[in-house]
Amino acid sequence: MKKLTGLLGLAAGAVLASGAHAAEYELKVSTMFPSTHYIQTLALEPWAEEISKRTDGRVNFTFFPAGSSLGNATKQFDQARAGVVDVSVGIPAIPRGRHPRMVLIELPFTVPDSEVGTCALMKVKDDIQPDFDGTHILSLTVTEPSGAHTNKQIKTLDDLKGMRVRTPTPAITAMLELIGATPVGMPPTEIYESVERGVIDGNIMPWGPVGAFKLYEVLKYHLDAAINPVGMYVVFNQRKYDSLPEDIQKVIDEVSAETFANWGRWWKETDQEAIDAAKAAGNEVIPMSGEDREAWRERLQPLIDNYLANDSDLPADEAKALYAKMGEAVTACQ
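Sequence order as written defines residue numbering, which begins from 1 separately in each chain. Given that the model is predicted, a residue must reach a pLDDT of at least 70 before its local features are reported, and side-chain atom pairs must reach 80 or more before they are shown or counted; all residues, however, enter totals for whole chains, interfaces and linings. The basis for the side-chain values is all heavy atoms of the structure; hydrogens and waters are excluded.

For the rest of this paragraph, the subject is the overall build of the protein. Under the scheme used here, helices are H or I runs from DSSP no shorter than 4 residues and strands are E runs no shorter than 2 residues, and both carry numbers assigned from the N terminus. What the protein contains, in helices and strands, is 14 helices and 11 strands. Only the C-alpha atoms count toward the radius of gyration. The rule for a globule is 2.2 Å times the residue count to the power 0.38. By the compact-globule yardstick of 20 Å for 334 residues, the protein fits well, its C-alpha radius of gyration being 22 Å. Projected onto its principal axes, the C-alpha positions of the protein cover 80 × 45 × 35 Å. For the protein, the residues scored as buried account for 48% of the 334 residues in total. Only protein chains enter the accessibility calculation, which uses a 1.4 Å probe. A residue is then buried if its area is under 20% of the maximum for its type, exposed if over 50%, and partly exposed in between.

Here it is in structure tokens:
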């Protein structure tokens, strides 16, 4: 019995020593989302765990989410490019002008849904690469397109006239001005309180963050208009990536392709959860027909043309050519 106890003790010590052994490559990941956000739990943690598993524990990731020293949304890309972190997950529109090519996919009524938009982005990845110099792109995606969420009943986008509406991008600001609404810029974290205080009457946003921030508690009316998506990138510092052994690079690329192929499904599922929560709270959700959506696309074409010519932070010819190529990719992905 003493011999058996001793052997079990040695085995347990070996397991503990193995578990405590530091990974060969300790990598930092910064995100602009809280650690409880579905992007973290559905996508990033399984991705990191799978890479660690396939490399026999040689690679380990430490996450720095929103609220941490490396979780500032405005610094995600710069941190990855400079090597302050190894991987960043961020939104190209923050800060404005940093990723002028990728945000073209966010122009109103450009993509019908997240699966098509994500597919289209990956088709034009090489054209977008200049936005991400100094980094290795692991994934590009877009959410399901935005709806209009208000504290007053609306049937069409024209019903936003006279309302004060939180706007996410310059193009949506121009759309709201065309309608006759008053666009108001603010971070998503301030929307709930701003509605309660009467600072704004509504918000243009995908359903996912409406659910995450529980905005359906204060915004009771929803026009499911599929206006514009929000882009997101996952990038790896190029120097660090190049320094890794080829077999680890291969695993990172393979797992990224496999895991992030699910973006479209994840965006749809999390949006549906938010829609269900809004309906359960007694909210009114009105879908926009495909015909109305096409009519709005045509109506906003002059606004889009002006953006490409004057406001994209790119030479007009380059902006127009890339946007046209994105349109062709959207068609190919449908």
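This part takes up the nonpolar core. Generally speaking, soluble globular proteins have nonpolar side chains that are buried together. Definition of nonpolar core: a set of buried residues of the types Ala, Val, Leu, Ile, Met, Phe, Trp, Tyr and Cys, connected through side-chain atoms within 4.5 Å. In terms of nonpolar packing, the biggest core is built from 54 residues, with Leu104, Phe132, Leu157 and Leu160 touching the most fellow members. The set of elements that each furnish at least two residues to this core consists of α3 (76-82), α4 (114-123), β4 (135-142), α6 (170-179), β10 (231-237), α13 (301-311) and α14 (316-333). With 7 residues, α14 is the largest single contributor of residues to this core. Ile51, Met232, Ile248 and Val251 belong to the second-largest nonpolar core, a separate cluster that totals 32 residues.

All right, on to the environment of valine 116 then. You can see valine 116 is positioned in helix α4. Judged by its relative accessible area of 8%, valine 116 falls in the buried class. Residue contacts follow a heavy-atom distance rule, with two residues in contact if any of their heavy atoms lie within 4.5 Å. Beyond its immediate stretch of four places on either side in the chain, valine 116 contacts Val330, Cys333 and Gln334.

Attention now goes to helix α10 (residues 246-260). Under the convention used throughout, the expected extent of a helix is 1.5 Å for every residue step, that is, one less than its residue count. For α10, built from 15 residues, the straight-helix expectation of 21 Å at 1.5 Å per residue is met to within 8% by its first-to-last C-alpha distance of 21 Å. All of the buried residues in α10 are Ile248, Gln249, Val251, Ile252, Val255, Ser256, Thr259 and Phe260. Relative to the axis of α10, the buried residues are bounded by an arc of 160° and lie together on one face. In α10, those exposed residues whose orientation departs by more than 90 degrees from the buried face are Glu246 and Ala257. Each direction from the helix axis to a C-beta atom contributes to the arc, which is the arc of those directions.

The next point concerns a negative patch on the surface. For patch detection, residues must exceed 30% relative accessible area and be free of salt bridges, and they are connected within 9 Å for like charges or within 5 Å for nonpolar side chains (Val, Leu, Ile, Met, Phe, Trp, Tyr). Methods summary: accessible areas were calculated by the Shrake-Rupley approach with a probe of 1.4 Å, and residue burial reflects only the protein chains presented. The working definition used for a salt bridge is a side-chain nitrogen of Lys or Arg within 4 Å of a carboxyl oxygen of Asp or Glu. The positive count covers Lys and Arg only, the negative count covers Asp and Glu only, and His and the chain ends enter neither. By convention, charge coordinates are those of NZ in Lys, CZ in Arg, CG in Asp, or CD in Glu. Together, Glu190, Glu193, Glu196 and Glu217 make up a negatively charged patch on the protein surface. One can find glutamate 190 in the loop between β7 (182-184) and α7 (191-196). The exposure class assigned to glutamate 190 is partly exposed, which follows from its relative accessible area of 41%.

With that settled, consider the environment of glutamine 334. Checked against the element boundaries, glutamine 334 lands in the segment after α14. Taking relative accessible area as the criterion, glutamine 334 reaches 61% and is therefore assigned exposed. If near-sequence neighbours (up to four positions away) are discounted, glutamine 334 is found in contact with Pro112 and Val116.

Attention shifts here to the pairing of strand β1 (residues 25-31). Counting buried positions over the 7 residues of β1 gives 5, a clear majority of the element. When DSSP locates at least two bridges between a pair of strands, those strands are taken to pair. Pairing between β1 and strand β2 (residues 59-64): 6 bridges, direction parallel. Along β2, the bridge assignment pairs glutamate 26 with asparagine 60. Note on handedness: a clockwise path from strand one over the helix to strand two, with the strands aimed away from the viewer, defines a right-handed crossover. Traced from β1 through helix α2 (residues 38-54) to β2, the parallel crossover comes out right-handed. As defined by bridge partners, β1 adjoins strand β3 (residues 87-90) across 3 bridges and the pair is classed as parallel. Among the inter-strand pairings, threonine 31 is bridged to a residue of β3, identified as valine 89.

What follows concerns the pattern of salt bridges. One pass over the full model with this rule turns up 17 salt bridges. Taking the shortest distance from any N to any O, the salt bridge between arginine 54 and glutamate 50 comes out at 2.7 Å. Residue arginine 54 and its partner glutamate 50 are both found in helix α2; the two are separated by 4 residues, about one turn of the helix. Here arginine 54 falls in the partly exposed class, since its relative accessible area comes to 34%. Of the charged contacts in the structure, one is a salt bridge between aspartate 313 and arginine 96, with a shortest N-O distance of 3.9 Å. Taken together, the residues aspartate 313 in the loop between α13 and α14 and arginine 96 in the loop between β3 and α4 connect sequence positions 217 residues apart. Exposure class is identical for aspartate 313 and arginine 96. Each is exposed.

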